[in-house]
4 protein chains.
Amino acid sequence: MTGRRARDWGIPFAGVPGPLDAITDVAGVRVGHCTVVSGTRPDGSDAARTGVTAILPTPTTETEAVFAGWHNQNGNGELTGTPWIDETGLLDGPILTTNTLSVGVVRDAVVAWAARRGLLPQRWAMPVVGETWDGHLNDIRGFHVRPEHAHEAIERATGGAVPEGNVGGGTGMVCYEAKGGIGSASRVARGPSRWTVGVLVQANHGLRRQLTIAGLPVGAELPVPAAEPEEHGSILVFVATDAPLLPHQLRRLARRATMGLARSGSVSGNSSGDLFLAFSTANRGAVEGPGPRSLSALAEPEMNPLFESAVEATDEAIVNALAAAETMEGYRHHRVEALPMPRVVEILQRHGRLASPA
Amino acid sequence: MTGRRARDWGIPFAGVPGPLDAITDVAGVRVGHCTVVSGTRPDGSDAARTGVTAILPTPTTETEAVFAGWHNQNGNGELTGTPWIDETGLLDGPILTTNTLSVGVVRDAVVAWAARRGLLPQRWAMPVVGETWDGHLNDIRGFHVRPEHAHEAIERATGGAVPEGNVGGGTGMVCYEAKGGIGSASRVARGPSRWTVGVLVQANHGLRRQLTIAGLPVGAELPVPAAEPEEHGSILVFVATDAPLLPHQLRRLARRATMGLARSGSVSGNSSGDLFLAFSTANRGAVEGPGPRSLSALAEPEMNPLFESAVEATDEAIVNALAAAETMEGYRHHRVEALPMPRVVEILQRHGRLASPA
Amino acid sequence: MTGRRARDWGIPFAGVPGPLDAITDVAGVRVGHCTVVSGTRPDGSDAARTGVTAILPTPTTETEAVFAGWHNQNGNGELTGTPWIDETGLLDGPILTTNTLSVGVVRDAVVAWAARRGLLPQRWAMPVVGETWDGHLNDIRGFHVRPEHAHEAIERATGGAVPEGNVGGGTGMVCYEAKGGIGSASRVARGPSRWTVGVLVQANHGLRRQLTIAGLPVGAELPVPAAEPEEHGSILVFVATDAPLLPHQLRRLARRATMGLARSGSVSGNSSGDLFLAFSTANRGAVEGPGPRSLSALAEPEMNPLFESAVEATDEAIVNALAAAETMEGYRHHRVEALPMPRVVEILQRHGRLASPA
Amino acid sequence: MTGRRARDWGIPFAGVPGPLDAITDVAGVRVGHCTVVSGTRPDGSDAARTGVTAILPTPTTETEAVFAGWHNQNGNGELTGTPWIDETGLLDGPILTTNTLSVGVVRDAVVAWAARRGLLPQRWAMPVVGETWDGHLNDIRGFHVRPEHAHEAIERATGGAVPEGNVGGGTGMVCYEAKGGIGSASRVARGPSRWTVGVLVQANHGLRRQLTIAGLPVGAELPVPAAEPEEHGSILVFVATDAPLLPHQLRRLARRATMGLARSGSVSGNSSGDLFLAFSTANRGAVEGPGPRSLSALAEPEMNPLFESAVEATDEAIVNALAAAETMEGYRHHRVEALPMPRVVEILQRHGRLASPA
């Protein structure tokens, strides 16, 4: 079952994905994971089920600014570095994700990593680090993430297929009361320009009864014993594109992640940290530097296909996270089951919504 | 067929509606429409298909402030009075909707209406007037909306069932390339407090191919000849509740309208003015006035059922608008067909998604 | 005394002004006023002391979009068209100012003006109209502003020296409890590029005891009989520049108007509508149209001289408004005295702060 | 000279300060500093000149939420925890400040401190940590701040006079090219209610030529050799009040810090991280907790005296930071002179602006 993605199960999605159906379809974007799984105590009290994921917007080894914009859909989360993005539209280097209590260590590790490369002008001290809470499966108060995990995630970052599910920052995550984690997807935007939009999520949100796949309320048919009364999770969504967008346009794009999230059934619960960031890999070398410099930008009406792509790819990336994540046991023997994909398929089939036989 | 609402057709929605399944389920909220349909020229060049809708947050004849918050999901629209709502969280009187080119006349008409009642302290000059574009069916450059239409909408405002479809500000609207207009719905929020959340939309948005009902891509199965290449519409969503919410909490609630809109298939296209406003009828008489005054407010976690209700009711209000709106011919004989509800029902039935036989 | 501007009185300001020391130093920017003063009743109850001011960002007769950004420093005011500016950074045509109760008529008049020229694509229906309250001197409930006044302000718009004081939208305004109104100033920004920053204010804000000129608390030395206990005014600040700035950079620039306003002593009182908008005349012809189109933009650090210029010019424009405005009597014989500039000069002289003998 | 504050030098400020003229005049607010000064290498390359400052909003040893609001005046800075404040208006515990590269370690230290007390519900993982850059005097790449420094700052927090200048997070700061650091001031707001507003700044901003004290351009008369061409600093401003304000009202209050900052001459330069946060100590025990709970709140017009107080106290706190900070030598023998207060006094005297003989 491992390795099958949402589309492999016959789940229908609108739009045309890129070759990898992943954020790495946007040329130059790289993703790296460092997964931290350990624990020796018989009672599971030191069970680490956590990690770090890095998204590098450009293929350079040096840090290099790109345009970015973000959206706070529901603010029970942390995403450092956002005042600067709000102010200038600049994203200065890698984006990292981890668990809620490890934002600090990862942030300082990025700073140290940049300092080591001599990349520490003043501004470079505002790294972007996001989080979701993995304290159900992970001994989160054990602070198992160390600086070298962040460095490893950055240094392993590569193009190509993106490992999904229980990896990196997504290792211990829970989504719609099934095992969640990292998911990715992409779209080739409608229209002659064929821009690519890629999405990566760290999915840790939602109640089972809300889960919607391909528009069907599958969650209602796949109840969990001892369902949560309240949502406790969060989701980070990162949207990359090669379309030349200005900072205010990237804020617009980030805001569409809300609509992709809505397609999976979420209502952005109170304790959810639903923070979304979009960046463009275009205008490389031009977003900074002296003088009136020349930039390329789409006209606003040309954003429509990008909006559609971002919504579709966010929805699919969430289902990809669910499809990839495997049942996990962790902290104090807490156990979270993978979403039973064969039963999902069965529901879709019953409703005549399967794209192709599983 | 007239008068059948979405639920009457067997379309399934989550959650429990209030008795009227309308914004007027929130006690004290009143809605009034003034529909302007006229035209005598054979070529249809003076065909008025427009109007004004008024939402009165309280049952008083005097203006009275309530707490409010708003969200700009996509800003190709106008909603006057929002700087003051951002600043103070106060909504000082009726909300009006009309067509795009008549915002000014309606705004001044509200001012004159208030002045006539001696209700014109300085602040009272910031009325809230929203719009969507009806220039396809309506001779919008004919400026057919006059001050008395706004006054009529306000004065006719009443509780009870809300007329939907081709009425008031919604008269000439087009939604998912079918006839759109005004729609409403409500929810009794989950939980012991049973707060009510009511929604009213002026629905003028979306491409046919995007239309999703009950999670099914019905738009793809009901194509329109000469489909629009780009979305040109907009949607206004107003959310009322009797739950005691503070201004920042109402901004949170307004932001959930995006997720209800997403359920109907929209991606908030570039030229869409998707502006949402939420208000609370609680704390009457306490939101203003001297001194430290005593207010009631929910704790943040208690907002979850309200979030869910707002998402569900927005989705349903849009389908109610589509179900109620009848085929219309107007400006220069432009004609927009009603959404063929029997065919929608058929699609839902085929996919085993009908709540009850139509 | 008429015609003497702040600098003519020897009031010192930092920075180097452009040739006109006005917003029209930014090439292509035009300003037009239509002043409405009338009234025949002996009791002064129909005394009109109001008007309309138009700022045209470009020299074209056609509407043409430029990049813009705005800031809500204190939202007890109206500035229509801002959701679209927030969304896309586009300002599509003239900016108009008038009194609080005439925003609607002026808004619709701009629409009609554009329609007459065939300039009414859908988006063109979001004109930018701001206001401040002139109800002390003006029979504001008499609704004396008519559509033709707005048309006249637009059509009279011209480069060159900007009439200040009791003109156009500023006719009946009161500032620091002296006669206020329109003021303008400009700066040639520090640095090799010598960008121009121009400011126009409609100044109707502040308590006398707060008034600060050249850093000196002159208001405390020039008390008014029957001083207001609370601020009731507002200020609109428009910042123009020829520097190539992107929308997010123009928001940054608009936010500096707050700091210029602070220099004149204001604390942005609760009932003040302090709304600021900045636009760039650069990138003409490139901000729209099918793209990817090529744009020019400054790097963020290059904004420092523009920030300084905007602060300085806002401060000076306010004093220019005070210096130009003459004593006025109006509605019900209400009378507001001009700020006694000779006494201001005397105070500055006593403190050794006069730039040159008056 | 040590220990003399701005008022002791005869510098005039508007308004009436509280007994301590410090943020601790707001009952229950406590401040603690941990100053880190060390270094043994002859070349000064390991010279630590840094630290941590903690502001505790309430007198409880437990963490306890209060209402808060923040403002990003210029975003080249970090202030963690702000998405949650934006969302819910809740500040859940201590605020900490440190140098730019130590935000991570301090953040995690707050988490650990809370965990040690069993105060780690999920939400408690969003501590508020701000920074300004001290890399000129401090070996900032040496990462000298350790978790125990954060713990010490929290645990030493106390009421009473607030140590200013080269202490805590302000140790190595530079302000208007003089030695800067921590400063504080307070106001008893005008009006019958006599609310208290207290301010604490970590002042690290401004160019010498911009420095304005009591409205006089003293910076221009006190040039520095080798003046900086560009501003590189930042300022954090924290505003406390005992007035019962709701979250949206605290955002309004935070926005007034900009105007106090403007009075000292700043234009919020591009690389300045000017982040401001306001909180209210009222409604203790009521901001959270189940059920519609009862809150107290001022009416909007009652905020005017608070606005004035926040502006005045911010201005004074900055001058207090300058007055208290002593000449420091640090990293690689960089040396920053204290502002020569006797010369400032002389300038004020010459301009007849001294409140009382020094």
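Above this text sits the structure in question.
Here goes a summary of the coordinates provided. (Residues numbered from 1 in each chain as written. Chains lettered and ligands numbered in written order. Predicted model: local features only at pLDDT ≥ 70, side-chain atom pairs only at ≥ 80, totals over all residues. Heavy atoms only, no water.)

1. Side note on the relation of the copies chain C and chain B
Okay, step 1: With an RMSD of 0.1 Å, chain C superimposes on chain B once it is rotated by 180° and translated 0.0 Å along the axis. Both copies are brought into coincidence by an operation consistent with a two-fold rotation axis. Among all residues of chain C, the minimum C-alpha distance to the rotation axis is found for Gly104 of chain C, at 1.7 Å.
Okay, step 2: Both copies contact each other with a shared surface, as 97% of the interface residues of chain C are interface residues in chain B too. (Least-squares fit on C-alpha atoms with pLDDT ≥ 70 in both. Contact = heavy atoms within 4.5 Å.)

2. Structural notes on the relation of the copies chain D and chain A
Copy one and copy two of the chain differ by a rotation about a common axis and a shift along it.
Okay, step 1: When chain D is fitted to chain A, the best match, at an RMSD of 0.0 Å, comes from turning it 180° and sliding it 0.0 Å along the axis.
Okay, step 2: The overlap is high: 97% of the interface residues of chain D also sit at the interface in chain A, so the same surface is used on both sides.

3. Some points on the interface of chain C and chain B
Okay, step 1: At the junction of the two partners, chain C supplies 39 residues and chain B supplies 38 residues.
Okay, step 2: Together chain C and chain B conceal approximately 3100 Å² of surface at their shared face, both sides included; 55% is due to carbon and sulfur atoms.
Okay, step 3: Inspection of the region where chain C meets chain B yields zero salt bridges.
Okay, step 4: Where chain C packs against chain B, one counts 14 residue pairs in polar contact (both at pLDDT 80 or more).
Okay, step 5: Counting only elements with at least two residues in the side of chain C that touches chain B, the list comes to strand 3 (66–75), helix 1 (82–88) and helix 2 (103–116) of chain C.
Okay, step 6: With seven residues, the top contributor of residues to the side of chain C that touches chain B is helix 2 of chain C.
Okay, step 7: Here the side of chain C that touches chain B is composed, by residue class, of 15 nonpolar, 16 polar and eight charged. (Buried area = accessible area lost by both parts, 1.4 Å probe. Salt bridge = Lys/Arg side-chain N within 4 Å of Asp/Glu carboxyl O. Polar contact = N/O pair within 3.5 Å; in protein donor to acceptor, adjacent residues only side chain to side chain. Helix = DSSP H or I, 4+ residues; strand = E, 2+ residues; numbered from the N terminus. Nonpolar A, V, L, I, M, F, W, Y, C, P; charged D, E, K, R; others polar.)

4. Digging into the pattern of salt bridges
Okay, step 1: Across all of its chains, the model carries 84 salt bridges over all chains by this definition.
Okay, step 2: Residue Arg107 of chain D is joined to Asp108 of chain D by a salt bridge in which the shortest nitrogen-to-oxygen separation is 3.7 Å.
Okay, step 3: A relative accessible area of 14% places Asp108 of chain D in the buried class.
Okay, step 4: Residue Arg156 of chain D is joined to Glu152 of chain D by a salt bridge in which the shortest nitrogen-to-oxygen separation is 2.2 Å.
Okay, step 5: Three or more residues joined by partner-sharing salt bridges are found here, namely Arg7, Asp21, Arg187, Arg190, Glu308, Glu312 and Glu316 of chain A together with Arg209 of chain B. (Buried < 20%, exposed > 50% of the residue type's maximum accessible area, 1.4 Å probe, protein only.)

5. A short note on the interface of chain D and chain A
Okay, step 1: On the chain A side, the residues contacting the 39 residues of chain D number 38 residues.
Okay, step 2: Summed over both partners, the interface of chain D with chain A buries about 3100 Å², with 55% contributed by carbon and sulfur atoms.
Okay, step 3: Linking chain D with chain A are zero salt bridges.
Okay, step 4: Counting across the interface, chain D meets chain A through 14 residue pairs in polar contact (both at pLDDT 80 or more).
Okay, step 5: Of all the secondary structure elements, the ones that give two or more residues to the side of chain D that touches chain A are strand 3 (66–75), helix 1 (82–88) and helix 2 (103–116) of chain D.
Okay, step 6: Counting residues per element, the side of chain D that touches chain A draws most heavily on helix 2 of chain D, which supplies seven residues.
Okay, step 7: In terms of residue class, the side of chain D that touches chain A is built from 15 nonpolar, 16 polar and eight charged.

6. Some thoughts on the sheet that holds strand 4 (residues 90–91) of chain B
Residues and elements named next belong to chain B.
Okay, step 1: Taken in spatial order, the six strands line up as 4-3-12-11-10-9 in an open sheet, and their pairing is mixed. The outermost strands of the open sheet, each flanked by one partner alone, are strand 4 and strand 9 (181–188).
Okay, step 2: Bridge analysis of strand 9 against strand 10 (residues 196–204) gives eight bridges, and the strand direction is antiparallel. Looking across to strand 10, one finds that Ile182 is bridged to Gln202. (Pairing = 2+ DSSP bridges.)

7. Examining the nonpolar core
Okay, step 1: Core analysis: the largest hydrophobic core is formed by 256 residues, its most contacted members being Ile11 and Ile213 of chain A, Ile11 and Ile213 of chain B, Ile11 and Ile213 of chain C together with Ile11 of chain D.
Okay, step 2: If near-sequence neighbours (up to four positions away) are discounted, Ile11 of chain B is found in contact with Ala6, Ile213, Ala214, Val319, Met341, Val344, Leu348 and Ala355 of chain B. (Core = buried A, V, L, I, M, F, W, Y, C linked by side-chain atoms within 4.5 Å.)

8. Things to note about the sheet that holds strand 6 (residues 128–132) of chain C
All names here are of chain C.
Okay, step 1: Spatial ordering of the open sheet is given by 1-2-5-6, a layout of four strands whose pairing is mixed. In this open sheet, the two edge strands, each paired with only one partner strand, are strand 1 (30–38) and strand 6. Looking at each pair of strands side by side, their axes are set apart by 15° on average, direction ignored.
Okay, step 2: Two strands pair when backbone bridges link them, and strand 2 (residues 48–56) and strand 5 (residues 95–99) are joined in this way by three bridges, in the antiparallel orientation. The partner of Thr53 across the bridge, within strand 5, is Thr97.
Okay, step 3: Of the strands in this sheet, strand 1, strand 2 and strand 5 touch helix 3 (residues 147–155), which is tilted by about 45° from strand 2. (Axes fitted to C-alpha atoms, helices over the stretch in contact; angles between N-to-C directions.)

9. Focus on empty space enclosed by the protein
Okay, step 1: All told, the structure shown has 15 cavities of 30 Å³ or more when counted by the stated rule.
Okay, step 2: Reported here for the largest cavity is a volume of approximately 1500 Å³.
Okay, step 3: Around the largest cavity, the lining comprises 31 residues; the ones closest to its centre are Arg251 of chain A, Arg251 of chain B, Asp86 and Arg251 of chain C together with Arg251 of chain D.
Okay, step 4: Top element by residues in the lining of the largest cavity is helix 5 (residues 247–255) of chain C. It accounts for four residues.
Okay, step 5: Across the lining of the largest cavity, the residue classes break down as four nonpolar, nine polar and 18 charged. (1 Å grid on protein atoms, 1.4 Å probe; cavity = no way out; pocket = protein on both sides within 12 Å on 5 of 7 lines; lining within 4 Å. Points joined across faces, edges and corners; volume = space filled by probe spheres on them.)

10. Observations concerning unusual backbone geometry
Okay, step 1: A positive phi angle is found at Ser268 of chain A, which is not glycine, with a value near 60°.
Okay, step 2: Of note, Ser268 of chain A is situated in the loop between helix 6 (257–263) and strand 12 (273–280).
Okay, step 3: Using a relative accessible area of 0% as the deciding quantity, one classes Ser268 of chain A as buried.
Okay, step 4: Here the phi dihedral of Tyr176 of chain C falls at roughly 50°; this positive angle occurs in a residue that is not glycine.
Okay, step 5: Examined against the element boundaries, Tyr176 of chain C turns out to sit in the loop between strand 7 (174–175) and strand 8 (178–179).
Okay, step 6: What makes Tyr176 of chain C buried here is its relative accessible area of 0%.

11. Describing helix 8 (residues 341–350) of chain D
Residue and element names in this part refer to chain D.
Okay, step 1: Regarding helix 8, the residues found buried are Met341, Val344, Val345, Ile347 and Leu348. For helix 8, the arc enclosing every buried residue in end-on projection is 160°, short of the 170-degree limit, so these residues lie on one face.
Okay, step 2: Buried-residue contacts for helix 8 involve helix 4 (218–221) and helix 7 (304–324). (Arc of directions from axis to C-beta.)

12. Description of the environment of Gly233 of chain D
Residue and element names in this part refer to chain D.
Okay, step 1: By secondary structure assignment, the location of Gly233 is in the loop between helix 4 and strand 11 (234–241).
Okay, step 2: Residues Gly233 and Arg117, 116 residues apart in the sequence, show an inter-C-alpha distance of 36 Å.
Okay, step 3: Residue contacts for Gly233: discarding those within four places in its chain leaves Asn204, His205, Ser271, Ser272 and Gly273.

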